[in-house]
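Now for the letters of each chain:
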Amino acid sequence: MARVYANAETALIFWGMGISQHTHGTDNARCLISLALICGHVGRAGTGLHPLRGQNNVQGASDAGLVPMFYPDYKPVGDGGQIERWEAFWGMELDHEKGLTVVEITNAMYDGQIKGCYIMGENPAMSDPDQNHARTALSRLEHLVVQDIFLTETAAFADVVLPATAFPEKDGTFTNTDRRVQLGRKAIDAPGVAKQDWWIIQEIANRIGLKWTYGAAEDIFAEMRQMMPSLTGITWERLQREGAVTYPCADETSQGQTVIFADGFPTASGRGKLVPCDILPPDEVPDAEFPLVLTTGRLLEHWHTGAMTRRASVLDTIEPEAFAHISPNDLAKSGIKPGDMVKVATRRGEIEIAARSDGDVPDGVVFIPFCYVEAPANMLTNPALDPFGKIPELKFSAARLERVEGQVAAE
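The rules behind each value
- Here the residue index of a chain counts from 1 through its sequence in written order.
- Only residues with pLDDT of at least 70 are given local features in this predicted model, and only at 80 or more are side-chain atom pairs given and counted; all residues enter the totals for whole chains, interfaces and linings.
- Heavy atoms throughout the structure, all of them, feed into the side-chain values; hydrogens and water do not.
- Secondary structure follows DSSP: runs of H or I at least 4 residues long count as helices, runs of E at least 2 residues long count as strands, and numbering of each begins at the N terminus.
- To get the radius of gyration, use the C-alpha atoms; to get the globule rule, take the number of residues to the power 0.38 and multiply by 2.2 Å.
- Using a 1.4 Å probe on the protein chains alone, a residue whose accessible area is under 20% of its type maximum counts as buried, one over 50% counts as exposed, and one in between counts as partly exposed.
- In this analysis, two residues are considered to be in contact whenever any of their non-hydrogen atoms come within 4.5 Å of each other.
- For accessible areas, the Shrake-Rupley method is used with a probe of radius 1.4 Å. Any residue's cover is judged against the shown protein chains and nothing else.
- What we call a nonpolar core is a set of buried Ala, Val, Leu, Ile, Met, Phe, Trp, Tyr and Cys residues that are connected through their side-chain atoms within 4.5 Å.
- By the convention used here, strands pair only if DSSP detects at least 2 bridges between them.
- Note on geometry: axes are C-alpha line fits, over the in-contact stretch for helices, and angles between N-to-C directions span 0 to 180 degrees.
- Put simply, a crossing is left-handed when the front helix is turned counterclockwise from the back one by less than a right angle, and right-handed when it is turned clockwise.
- Under the convention adopted here, Pro, Cys and the residues Ala, Val, Leu, Ile, Met, Phe, Trp and Tyr are nonpolar, Asp, Glu, Lys and Arg are charged, and Gly plus all remaining residues are polar.
- If an angle is under 35 degrees, it is roughly parallel; if it is over 145, roughly antiparallel; if it lies from 65 to 115, roughly perpendicular; otherwise it is oblique.
- By convention, a stacked pair of Phe, Tyr or Trp rings (six-membered ring in the case of Trp) has centres within 6.5 Å and planes under 30 degrees apart, an edge-to-face pair has planes over 60 apart, and any other such pair is tilted.
- When the NZ atom of lysine or the CZ atom of arginine is within 6 Å of a ring's centre and also within 35 degrees of its normal, the charge is said to sit over that ring.

Caption draft 1: Broad picture of the overall build of the protein chain. In terms of regular secondary structure, the protein chain is built from 13 helices and 16 strands. Over its C-alpha trace the protein chain gives a radius of gyration of 23 Å, about what one expects of a compact globule, namely 22 Å for 411 residues. Each principal axis of the C-alpha atoms in the protein chain carries an extent, and together these give about 65 × 55 × 40 Å. Burial analysis of the protein chain (411 residues in total) assigns 41% to the buried set. In the protein chain, 65% of the contacts between residues at least 6 apart in sequence involve partners at least 24 apart. When the accessible surface of the protein chain is totalled, it reaches about 21,900 Å², and 56% of it is carbon and sulfur.

Caption draft 2: The nonpolar core, seen in detail. Ranked by size, the top nonpolar core spans 29 residues in total, and within it Val-344, Ile-353 and Ile-368 carry the most contacts. Among the secondary structure elements, those contributing two or more residues to this core are strand S11 (292-297), strand S12 (323-326), strand S13 (340-346), strand S14 (349-357), strand S15 (365-369) and strand S16 (397-408). Of all the elements, S15 adds the most residues to this core, at four residues. Other than its neighbours up to four places away in sequence, Ile-353 contacts Ala-322, Phe-323, Ala-324, Asp-340, Met-341, Val-342, Val-344, Ile-368 and Ala-375. Counting residues in each nonpolar core, the second largest holds 13 residues, with Trp-198, Leu-231, Trp-236 and Tyr-247 among its members.

Caption draft 3: Structural detail: the pairing of strand S2 (residues 48-51). Alternating positions in S2 separate cleanly, Gly-48 and His-50 being buried on one face and Leu-49 and Pro-51 remaining unburied on the opposite face. Pairing analysis gives four bridges linking strand S1 (residues 12-15) to S2, with the strands arranged parallel. Note on S2: the bridge partner recorded for Phe-14 is His-50.

Caption draft 4: View of the pairing of S15. Of all five residues in S15, five are buried; the element is thus mostly enclosed. Because side chains alternate across S15, one face comprises the buried residues Val-365, Phe-367 and Pro-369, and the other comprises Val-366 and Ile-368, equally buried. When S11 meets S15, the two strands line up parallel, connected through five bridges. What sits directly across from Val-293, in S15, is Val-365. One ladder, built from two bridges, connects S12 with S15; its direction is antiparallel. Residue Ile-326 lies in a different strand from S15, and its bridge partner there is Val-366.

Caption draft 5: How the structure looks around the sheet that holds strand S8 (residues 172-175). The three strands are arranged S8-S9-S10 in an open sheet whose pairing can be described as antiparallel. Across the chains shown, the open sheet's two edge strands, defined by having one partner strand only, are S8 and strand S10 (244-246). Strand-to-strand twist in this sheet, taken as the mean axis angle between neighbours without regard to direction, amounts to 25°. Relative to strand S9 (residues 180-184), S8 runs antiparallel, the two being bridged by four bridges. In the strand pairing of S9, Thr-175 is matched with Val-181.

Caption draft 6: Structural context of unusual backbone geometry. Cis geometry is adopted by the peptide bond preceding Pro-248, which originates at Tyr-247 and carries an omega value of 0°. Turning to its location among the elements, Pro-248 is positioned in the loop between S10 and S11. Although it is not a glycine, Asn-57 adopts a positive phi angle of roughly 70°. Structurally, the position occupied by Asn-57 is in the loop between S2 and helix H4 (58-63).

Caption draft 7: Looking closely at the sheet that holds strand S6 (residues 143-148). Strand order across the open sheet formed by three strands is S5-S6-S7, with parallel pairing between neighbours. Here the strands that pair on one side only, and so sit at the sheet edges, are strand S5 (116-120) and strand S7 (160-163). On average, adjacent strands in this sheet sit at an angle of 10° to one another, irrespective of strand direction. Lying over the sheet, helix H9 (residues 197-207) contacts S5, S6 and S7, oriented at roughly 160° with respect to S5.

Caption draft 8: Spotlight on helix H6 (residues 102-110). Within H6, the full set of buried residues consists of Val-103, Glu-104, Thr-106, Ala-108 and Met-109. In the core, the buried residues of H6 are packed alongside S5 and helix H8 (131-139). Immediately downstream of H6, the backbone of Gly-112 shows phi near 80°, a positive value.

Caption draft 9: Broad picture of the packing of helix H5 (residues 80-90) against helix H10 (residues 217-227). Contact geometry of H5 with H10 gives a least axis separation of 12 Å together with a crossing angle of 145°. As for the relative orientation of H5 and H10, their crossing is right-handed in sense. Mapping the contact onto sequence places Arg-85, Trp-86, Phe-89 and Trp-90 in H5 and Glu-223, Gln-226 and Met-227 in H10. Taken together, the residues that form the contact of H5 with H10 break down as four nonpolar, one polar and two charged.

Caption draft 10: Structural detail: the packing of H6 against H8. At their nearest, the axes of H6 and H8 sit 8 Å apart, and the two run at 60° to each other. Taken together, the axis directions place H6 and H8 in an arrangement best described as oblique. Remark: the crossing between H6 and H8 carries left-handed chirality. Residues Thr-106, Asn-107, Met-109 and Tyr-110 of H6 form the contact with H8, whose own contacting residues are His-133, Ala-134, Thr-136, Ala-137 and Leu-138. A breakdown of the residues in the contact of H6 with H8 according to their chemical character gives five nonpolar, four polar and no charged.

Caption draft 11: Layout of the packing of aromatic side chains. What the rule picks out here adds up to nine aromatic pairs. Taken together, a centroid distance of 5.8 Å and an interplanar angle of 25° make the contact between Tyr-71 and Trp-86 stacked. Here Trp-86 lies in helix H5 and Tyr-71 lies in strand S3 (residues 70-71), a separation of 15 residues in the sequence. The exposure classification of Tyr-71 matches that of Trp-86, with both residues buried. Ring-pair connections join several aromatic residues into one group, and the members of that group are Tyr-71, Trp-86, Phe-89 and Trp-90. A cation sits over an aromatic face here: Lys-195 above Trp-199, 5.3 Å from the ring centre. A cation sits over an aromatic face here: Arg-298 above Trp-303, 4.1 Å from the ring centre.

Laid out in structure tokens, this is it:
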């Protein structure tokens, strides 16, 4: 594949969580970047690297600073000049240390170092690895606030639930992985007492002594433009007029650059940086006790933890039941028939789930979607972290499989 890629006139690399959710996930991405640099597949139309973000607007959230080691536009927290810049802009002292990532937060809650948590639009009781550990961590908090559109599994642990709005119920922007900023327009009113996310956050801020006076999402976007060069050429009025604009833009009348790095890279030399990587094993490898590999992911019909799609009756009718996807050869070797109930176990625990024959799954691998609370795949996954990106190894766990005698899946 590397030779096919190298000899192509133009080639793109798209990747998802199967690249990043490993203890060597950062090195996986670095290798793809190095391959693109060496083969000249950057800075030209039809080339480039495009990580497919895990949720809509993850790109926009990252751009805006929702990463614990960066300020907006990826300015490092440890940079003294950046700290002074942001403290002057916001008129208050900021923490000079990098924050924690999701699994690190869960570990700190478990250890009692974090006593209160405010979770917005996330469902770690389903999405975090080693769910017994994650749910114990949530239960040990002295106070948990969950802000979401549905009562998720995480909301079951909450002391306070703040009802938020879904995307058709609010104005705002979404940013794609191709740097396209799109305007989202409110189409329907929110149900009941549900409120805009920014309004809820502002109410909390003001009730703890701050003086925030945003009147609409437009005001927040205007503030972001003051400090984020990526948005310099994108005004709210322009988004209303054009619907979507790709950054960077030289000014408010220029078209966004669909291709970047054509003239060099933002390094001292202007050249791209090649980072050598060792070939590293997973945190745990199959052995006699756990001879298979468990990997997890999504289904076409069900998104992420199923908080929305499993409430969609049409989608849940198509895929109402949890299945372990297993290769036909592995089913035959284990004496398992499609529909049989099986026990899938790792070093973190075990679940019972129906078996499904799937020719797309390689021999030696078991694939389980993580959207089913009745057979939670993340009860089994490995919380070991990549040392750079601090991403857990959700995509690789040593596992074993056995038939549950006398049980078959419901029709």
